[in-house]
Amino acid sequence: MAHFNFENEVSKLIRMDAPITKGPQMRWQRKLGESINSSRNESICNNSVLQSSQCCKTPKSKGLSTRTPGKTPGSSTKTPGKTKQTPGKGSKTPTTMGDRFIPNRSTTQFELGHYHVTSQSNVNDSDEEMMSPSKKEFQTAMSENLNGDLMSSKIISYKNKAPSAPEGYQNSLKVLYSQGHNPTSCKKSIRHIPQVPERILDAPQILDDYYLNLLDWSVNGHMAVCLGGQVYVWNSANGEIQQLMEMEGPEDYVSSVSWISEGNYLAIGTSTSDVQVWDVEHNKMLRNMRGHAARVGSLCWNNYILSSGSRSGNIHHHDVRVANHQVGALSGHTQEVCGLRWSPDGRFLASGGNDNLLNIWPSGGGQYLTTDTPIYTFTQHQAAVKALAWCPWHPSLLASGGGTADRHIRFWNCNTGVCVNSIDTKSQVCSILWSKHYKELVSSHGFAQNQLILWKYPSMTKVAELTGHTARVLHMAMSPDGSTVVSAAADETLRLWKCFAVDPAKKKTPASMLSAAPKTMMRSGIR
Amino acid sequence: MAGVKQASRNAITLKGSTDIVAEFFTYGINSILYQRGLYPPESFTRVQKYNLTLLVTADDELNNYLNSVVNQVREWLYNMTVQKLVIVIKCADTNEVLERWQFNVECDKTVTEDSAPGEKSEDDIKKEISAVIRQITASVTFLPLLESACVFDILVYTDKDLEVPSEWGESAPGIISNSEEVRLRSFTTTIHKVEGMVAYKLSA
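Residues numbered from 1 in each chain as written. Chains lettered and ligands numbered in written order. Predicted model: local features only at pLDDT ≥ 70, side-chain atom pairs only at ≥ 80, totals over all residues. Heavy atoms only, no water.

Looking at the pattern of salt bridges
Residues and elements named next belong to chain A. Taken as a whole and judged by the stated rule, the model has 17 salt bridges over all chains. In this structure, Asp274 engages Arg290 in a salt bridge whose closest nitrogen and oxygen atoms are separated by 2.2 Å. Placement of Asp274 in the loop between β8 (265–270) and β9 (275–279) and of Arg290 in the loop between β10 (284–289) and β11 (296–302) is noted, with a sequence separation of 16 residues between them. Here Asp274 falls in the buried class, since its relative accessible area comes to 8%. Between Lys456 and Glu440 there is a salt bridge whose closest N-O contact spans 3.1 Å. You can see Lys456 sitting in strand β25 (residues 452–456) and its partner Glu440 sitting in strand β24 (residues 440–445), a full 16 residues away along the chain. Overlapping salt bridges bring together Asp209, Arg295, Arg311 and Glu336 as one network. (Salt bridge = Lys/Arg side-chain N within 4 Å of Asp/Glu carboxyl O. Helix = DSSP H or I, 4+ residues; strand = E, 2+ residues; numbered from the N terminus. Buried < 20%, exposed > 50% of the residue type's maximum accessible area, 1.4 Å probe, protein only.)

So, in C-alpha cells, the structure goes:
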C-alpha cells in the first residue's frame, strides 16, 4: 500500500504546481466568474459537472468492474485483472482528488447541480433580453400572423365564466337522434285500423329531400310520383303505370307535383325552376311557365290559379288560362318555400318556409296581388314548416308541423291569427292530412320510428301509430274516397294504409240523418 | 305634432344605437345558446321580439352572467372602444374550440353624444336584425352537431389602450385551425354596424 501513498504524494505535489483546470471551483471563483462572464462560467461549470459525474461513476463501478471491466471508464480499463485485487486503484482513477475525495465530492456535486440548474435558467433569461432587435421584430410579426390583428386590439373576457349546463344534460339535438321506442299510449278506438299497409309499391330513386313535394293523388284516382327526374302516374283503379315525363339533363329532377282539383291536369315544378302543366290523358305538356329563379319545391291549385313556391323564397301566382301567366308574386320568405296550401274555400294561402316562418296570405278577392306583407306571420315554429293542412270542416283552421328542431303540430285560427293548440310529437313532422270522414288527422314522421300517427281532434289523443317505413315518411296523399292514405318515404317505398275506412253500417247513418232532418222540421212546422 | 313625433322616431342617437346593439347581442347570444343546444331547451322561455318568437334563458345564473357581460359591452359600445364580440363554443372535456360566432362592430367615431342623430327608422333596423337572427336560427341546418358537452365563453376585442376592468381578463382568441366560415347578414344603426360570421370546425 505504501506505493499508493507515494503515488498520491507525487500527484499532490504535481497538482500544487499545475493550474487547477479540472475539479470544482472555489466559491469565490464561481462568484467572480459569474460576474465577469456568464458564458465562460458556463463552460467551467460544465467541465466540473462532467468531471464530477465521472467521479461518481468510478466508485460505483468498483464492485461491478470486476465482472464487466469493459464498462469501467478511464484507466481502470487498462488493468481489468488488477482492479480486483487492488480496489484502492479505483480511487486513484479520478486523478484530481486526494484521499479526502469521497465526502467532498458528494457535497460538491449537490451544490454544483443546484448551481447548474439556476445558471441555466439565468442564461435563458438573458437570452431574451439579449435578443437582437431584428429577431424581436420577427417574433412580433409571427405572433401577429398567428393571432390575427391582435396587435391593434385586446381580447378580453369576463373572468366569471358562464354556468355550465346541469349535470347529465345532453344536447337536445343529440337526444332527438337517440330517441328510444316509447310504449305507445294509444287509445283503443272502436274502429278497426289495420296496422299493416294494404299495399306496398316500389319507388326507386325517390329523392330524400325534406323540402320537396313529390306525391299527389288526384280526384280521378291517379297518383303522381316523382322518382328522380321522372314522373309516373299510377292508376289506383286498375293498377296501370304510365310514365308521364322525364327531365332532359341527368342532374335535373322534378321537385314538386300537384293535381288540379278536376284531376285532369298535373302541375310539375322542376329543379330547373320551370313550372309545367301536363294533360295526363293525352300525355302531353300544355304549357311551361318560367319566372322563378330557383327550384320549385311546392305547388298548389286554387281553381285556375296555380301558386308555386321556390327555393328563392318567392311565391308566384300563375293564371294558367292567359298568356301572361304570372299574376302575382308574394315575397315573405327569405328561404325555400317548402309548404304551400290553399284553404278549401280559397280565401287564404298558407306558406311555410325554411326560415321557420308560416305566412297566411289573402286571396285578394279574385285579384292576386303582388305583396310582401302577409295577413299573419307565425313565428312559433323553430324549424322549417313543411307540413300544412286545412281542416275540411273548419274553414279557417290550419294545422302546421315543424321540422327536426321543432317537432310540434300547431293549430291556427286564421280569422283571428291565434294559435289554438299545439302538441309535441317528439319527431320531425313531414306531412299532415285531415280525414274526410272522421274528426281525425294523420301526421307522418321521421326519426326515430318513421311512423304515421293518427290523432283525434281536438283532444289530440293518439288513435293509432302505423309503423313499417324504415326511413322518414316524407310525403302523404289521400285517396279520392278519403279511406286510404298513401305515404312515400325515403326508404323508396310507397305504402297504402286503409286507416280511414268507412264502416258501411255507419256510413248510412249520416245519410239517413240528413234525410230525416227535413221530416222533423216539417213536423215541427206543422205543430 | 304627428310630424315631430315621426321625426324623433327616425332619429338614431348614440345612446339609442348603443341600446339597440346591446339588445341584439342579448337576444343573439340567447338564440345561439338555444339553437346549438348548450343548455336544456326547457330552461328557455319564449318572447316576442323583432316580429319573431325568440327563446331566452330563464336560468338566473346564466342571465346574471349575460347581463353583466352585455352591460359592460354596452358601455364600450357607447365609448366606441369595442371592435368584436365573439362567442366561442368549446368542448367541455378537451377545451377544443368547435364553433366561433363573431360579430364585428364598426363604429362611426365621428358621432358624439351631442352630434346630430342619424337618419334611419327603427323599423328598418328591426327588420335587418330579425334577418340576422333568422339566419342564426336557420344555421342549425348546416352546422355540425355538437357531440360532446359544451361550454361557451364570450370574448370582446377592444382597443389596445382600453383600461380593462378588474372583473375582466385577457384571453386567447380561440381560433379554430381547420374551419369553415359562413358570413351572416349585417345590420347598421348608422352609428354602429354589426357584421356576423360563424366559423365551425370541419370534421376530419
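Quick look at helix α3 (residues 60–79) of chain B
All names here are of chain B. Taking 1.5 Å per residue as the helical rise, α3 with its 20 residues ought to reach 28 Å, and the 29 Å between its terminal C-alpha atoms agrees with that figure. Listed as buried for α3 are Leu62, Tyr65, Leu66, Val69, Val70, Gln72, Val73, Trp76 and Leu77. Projection of α3 onto a plane perpendicular to its axis shows the buried side chains occupying an angular sector of 160°, all on one side. Pointing more than 90 degrees away from the buried face of α3 are the exposed residues Asp60 and Asn64. The opening residue of α3, the one whose side-chain oxygen lies 3.2 Å from the backbone nitrogen of Glu61, is Asp59. Immediately beyond the C-terminal end of α3, within one or two residues, lies Met80, with a positive phi of roughly 60°. (Expected span 1.5 Å × (residues − 1). Arc of directions from axis to C-beta. Polar contact = N/O pair within 3.5 Å; in protein donor to acceptor, adjacent residues only side chain to side chain.)

Points about the interface of chain A and chain B
How large an interface is tends to be reported as the accessible area lost when its parts come together. Taken together, the 35 residues of chain A in the interface contact 52 residues of chain B. Together, the buried faces of chain A and chain B total about 3800 Å²; carbon and sulfur atoms form 55% of this surface. The three residues of chain A that bury the most area against chain B are A:Lys154, A:Ile156 and A:Tyr158, which together make up 22% of that side's buried surface. In this structure, A:Asp355 engages B:Arg134 in a salt bridge whose closest nitrogen and oxygen atoms are separated by 3.9 Å. Seen at the junction of chain A and chain B, the total is 4 residue pairs in polar contact (both at pLDDT 80 or more). Sort the elements by how many residues they give to the side of chain A that touches chain B and strand β1 (residues 153–158) of chain A lands first, with 6 residues. The class makeup of the residues in the side of chain A that touches chain B is 13 nonpolar, 15 polar and 7 charged. The pairing of β1(A) with strand β7 (residues 150–159) of chain B spans 5 bridges and is classified as antiparallel. Its bridge partner lying in β7(B), A:Ile156 is registered against B:Val156. (Contact = heavy atoms within 4.5 Å. Buried area = accessible area lost by both parts, 1.4 Å probe. Nonpolar A, V, L, I, M, F, W, Y, C, P; charged D, E, K, R; others polar. Pairing = 2+ DSSP bridges.)

As for the packing of aromatic side chains
In the structure shown here, the tally under the stated rule is 20 aromatic pairs over all chains. Aromatic side chains A:Phe348 and A:Trp390 sit 6.0 Å apart centroid to centroid with 10° between the ring planes, which places their arrangement in the stacked category. Of this pair, A:Phe348 sits in strand β16 (residues 348–353) while A:Trp390 is found in strand β19 (residues 385–390), placing the two residues 42 residues apart along the sequence. Neither A:Phe348 nor A:Trp390 differs from the other in exposure class; each is buried. For the pair A:Tyr376 and A:Phe378, a centre-to-centre distance of 5.8 Å together with 10° between the ring planes defines the contact as stacked. Under the relative-accessibility criterion, A:Phe378 is labelled buried at 5%. Members of the aromatic cluster, joined through ring pairs, are A:Tyr158, B:Tyr39, B:Tyr65, B:Trp76, B:Phe152 and B:Trp168. In this structure, B:Lys49 packs its charged tip against the face of B:Tyr50, placed 5.6 Å from the ring centre. Its guanidinium or amino end placed over the ring of B:Tyr157, B:Lys84 lies 4.7 Å from that ring's centre, counting from NZ or CZ. (Phe/Tyr/Trp six-rings, centres within 6.5 Å; stacked < 30°, edge-to-face > 60°. Lys NZ or Arg CZ within 6 Å of the ring centre and 35° of its normal.)

With respect to the sheet that holds β10(A)
Backbone-to-backbone hydrogen bonds pair the strands of a sheet. The strands run either parallel or antiparallel. Residues and elements named next belong to chain A. Across the sheet, which stays open at both edges, the 4 strands sit in the order β7-β8-β9-β10 with antiparallel pairing between neighbours. Lying at the two open borders of the sheet, with one neighbouring strand each, are β7 (254–259) and β10. On average, each strand axis in the sheet is inclined to that of its neighbour by 25°, with strand direction left out of account. (Axes fitted to C-alpha atoms, helices over the stretch in contact; angles between N-to-C directions.)

Here we look at the sheet that holds β1(A)
Reading across the sheet, the 7 strands line up as β8(B)-β1(A)-β7(B)-β4(B)-β5(B)-β10(B)-β9(B) and stay open at both edges, with antiparallel pairing between neighbours. Pairing within the sheet leaves two strands with one partner each, and these edge strands are β8 (168–170) and β9 (179–188) of chain B. Direction aside, the axes of adjacent strands within the sheet are offset by 25° on average. Note: strand β4 (residues 82–91) of chain B against β7(B), 9 bridges, orientation antiparallel. When the sheet's bridge partners are listed, B:Val86 is paired in β7(B) with B:Leu155. Here α3(B) sits on the sheet in contact with β1 of chain A together with β4, β5 (97–107), β7, β8 and β10 (192–201) of chain B, set at roughly 15° to β7(B).

Let's talk about the nonpolar core
Formed by 63 residues in total, the largest nonpolar core has its most connected members in B:Phe24, B:Phe25, B:Trp101, B:Phe103 and B:Phe152. In terms of residue count, helix α2 (residues 14–35) of chain B provides more of this core than any other element does, 11 residues in total. B:Trp101 has contacts with B:Ile32, B:Arg36, B:Leu85, B:Val86, B:Ile87, B:Ile89, B:Ile136, B:Ser139, B:Leu143, B:Leu184, B:Met197 and B:Val198, leaving out every residue within four places of it along the chain. Counting 30 residues, the second-largest nonpolar core is a separate cluster that includes A:Leu212, A:Val225, A:Trp278 and A:Leu496. (Core = buried A, V, L, I, M, F, W, Y, C linked by side-chain atoms within 4.5 Å.)

Examining the packing of α2(B) against helix α4 (residues 122–138) of chain B
Residues and elements named next belong to chain B. One way to put it is that α2 packs onto α4 with a least axis distance of 10 Å and a crossing angle of 20°. Considering the angle they form, α2 stands roughly parallel to α4. The crossing of α2 and α4 is right-handed. Of the residues in α4, those in contact with Ile20, Phe24, Tyr27, Gly28, Ser31, Ile32 and Gln35 of α2 are Ile125, Ile129, Val132, Ile133, Ile136 and Thr137. The residue inventory of the contact of α2 with α4, partitioned by class, reads 9 nonpolar, 4 polar and no charged. (Parallel < 35°, antiparallel > 145°, perpendicular 65-115°, else oblique. Left-handed = near helix turned anticlockwise from the far one by under 90°.)

Considerations on the UniProt feature "repeat: WD" (unreviewed entry) in chain A
Feature annotation in UniProt places "repeat: WD" (unreviewed entry) on residues 247–288, 330–371 and 466–498 of chain A, given in this structure's numbering. Within the segment residues 466–498 of chain A, helix and strand shares are 0% and 52% respectively, and the terminal C-alpha atoms sit 11 Å apart. (UniProt positions renumbered as here; feature names shortened; annotations may be inferred.)

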